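# Overview (structure and organization)
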Amino acid sequence: MRNAQSYFGYIPKCYYFAEQGSQAERADCRELTNKFLESLKIIKTCENKAYENGCIPEYKGFDDIIKDVHKDDEDYDEEYWQDYATRNCEGFNTSKILNEKTVYVLADGTILFFFFNHSCVILAFDTNGMQGPNKWGYDLFAVTLQTDGNYFTYGNTGCMPVEKNGKSFNAMYKAAFNR
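Throughout what follows, the structure given in this document is the object of discussion. The numbering scheme is per chain: residues are counted from 1 as the chain's sequence reads. Reporting of local features is limited, given that this is a predicted model, to residues whose pLDDT is at least 70; pairs of side-chain atoms are given and counted only at 80 or more, and all residues count toward the totals for whole chains, interfaces and linings. To get the side-chain values, take all heavy atoms of the structure and skip hydrogens and water.

### So, the nonpolar core
Definition in use: Think of a nonpolar core as a cluster: buried Ala, Val, Leu, Ile, Met, Phe, Trp, Tyr and Cys residues, connected wherever their side-chain atoms sit within 4.5 Å. For each residue, the accessible area found with a 1.4 Å probe, counting protein chains only, is set against the maximum for its type, and the residue is called buried under 20%, exposed over 50%, and partly exposed in between. We call two residues in contact when some of their heavy atoms are within 4.5 Å.
Counting 26 residues, the largest nonpolar core has I56, F92, F113 and W136 as its most contacted members. Setting aside residues no more than four positions away along its own chain, W136 makes contact with K60, I65, I97, F113, A124, F141, A142, P161, V162, E163 and G166. Of all hydrophobic cores here, the second largest spans 14 residues; its members include L32, F36, F125 and F169.

This is the structure in structure tokens:
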């Protein structure tokens, strides 16, 4: 991202909620993402049907992970959670990930895809690509990248999936950097 930032000569503002930034700032945020992609060694791009086209393994989405994690809870309300997953986290649902995301496969095998639900950059990445376990919170993580014009900040949103016994990006980041 720092390399992409050099294109601008400053850090563009990227906020999580669209109403926080101006239209120009939202455009800069997308342009920052484009410059970031240009700096990578991408060997394959799948613009739709990434699973069918062999760019990704069969990932679970937020909707299916909720079922797996909570199916044995006696107070689990499937209708509520599926409605929540559809209304609030639609971009992270299994069908969207497998069929509608643009996916980038890097020369080292890393898999990247983005979510633009708002105006910030939400990046999902599989650290070892097609090799297993291909599970959220194990080798597959999602992170928001936001800036205020001065600093990059990284974190989670409420929709970022973590499979049972996995760790969120925030937990991994804190463990790696003792923060």
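That shown, we press on.
### Side note on the packing of aromatic side chains
The way to describe two aromatic rings as a pair is by their centre distance and the angle between their planes. Going by this rule: Working definition: a ring pair exists when centres of Phe, Tyr or Trp rings (six-membered ring for Trp) sit within 6.5 Å. Plane angles under 30 degrees give stacked, over 60 give edge-to-face, the rest tilted. Only DSSP runs of H or I reaching four residues or more are called helices, and only runs of E reaching two or more are called strands; each is numbered from the N terminus.
In total, this model carries 5 aromatic pairs according to the counting rule given. Look at F92 and W136: their rings are 6.4 Å apart centre to centre, the planes differ by 70 degrees, and that puts the pair in the edge-to-face class. Taken as a pair, F92 in the loop between α4 (78-88) and α5 (94-99) and W136 in the loop between β4 (121-126) and β5 (140-147) lie far apart in primary sequence, 44 residues in all. By the burial criterion, F92 is buried, and W136 matches it.

### What about the state of the cysteines?
Operational definition: Here, a disulfide means two cysteine sulfur atoms that sit within 2.5 Å of each other.
For the structure on display, the rule yields 1 disulfide. Here C46 is linked by a disulfide to C55, with a sulfur-sulfur distance of 1.9 Å. Its torsion about the S-S bond being 70 degrees, the disulfide of C46 and C55 is classed as right-handed. Take C46: its relative accessible area is 5%, and that puts it in the buried class.

Note that all results are geometric; they support no functional claim without further evidence.
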